[in-house]
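Geometric and topological summary
The chain contents come next:
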Amino acid sequence: MRYLLSIRKKMVYLFEYYLVLCLYYFLRLFPLQTASAIGGFLGRLCLPFFRLKVTRQNLAQAIHGLDSSLEKSIIRKFHDNYGRNFAEYFFLDRLAQEP
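The structure presented is a predicted model; accordingly, all values stated were derived computationally and were not measured.

1. Let's talk about the pattern of salt bridges
Applying the stated rule across the entire model yields 4 salt bridges. Between Glu 71 and Arg 56 there is a salt bridge whose closest N-O contact spans 3.3 Å. Here Glu 71 is found in helix α4 (residues 68-89), whereas its partner Arg 56 is found in helix α3 (residues 52-62), with 15 residues between them in sequence. Residue class for Glu 71 comes out buried when judged on its relative accessible area of 16%. We classify Arg 56 as partly exposed; its relative accessible area is 36%. Across the pair Asp 80 and Arg 84 runs a salt bridge, and its minimum N-O distance is 3.0 Å. Of this pair, Asp 80 and Arg 84 both sit in helix α4, 4 residues apart, which is roughly one turn of the helix. On the basis of relative accessibility, which here comes to 16%, the residue Asp 80 falls in the buried class. Several salt bridges converge on common partners, so that one network encompasses Arg 44, Asp 80 and Arg 84.

Cut-offs and rules
Residues numbered from 1 in each chain as written. Predicted model: local features only at pLDDT ≥ 70, side-chain atom pairs only at ≥ 80, totals over all residues. Heavy atoms only, no water. Salt bridge = Lys/Arg side-chain N within 4 Å of Asp/Glu carboxyl O. Helix = DSSP H or I, 4+ residues; strand = E, 2+ residues; numbered from the N terminus. Buried < 20%, exposed > 50% of the residue type's maximum accessible area, 1.4 Å probe, protein only.

Take a look at the structure:
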């Protein structure tokens, strides 16, 4: 049974690897600003499905008495920023060459 779980994990990791690799080659087709905007869009689109409850709990601990609309705005901006940072990692070689 343990062996089967190990195979399943390896398959998931392999899928994630190829997904990130495809994203890498796709984003490298665009200039940095465009790729960053695409990353922000993907962050806003995908990240709310992962650990949103923990994000809300952490935000509530950091800022007491936060109203719902401001909380949604902060979380949306966080997801946008996280997606942009992820996309910009693929351009570190280009950024290092700029003066």
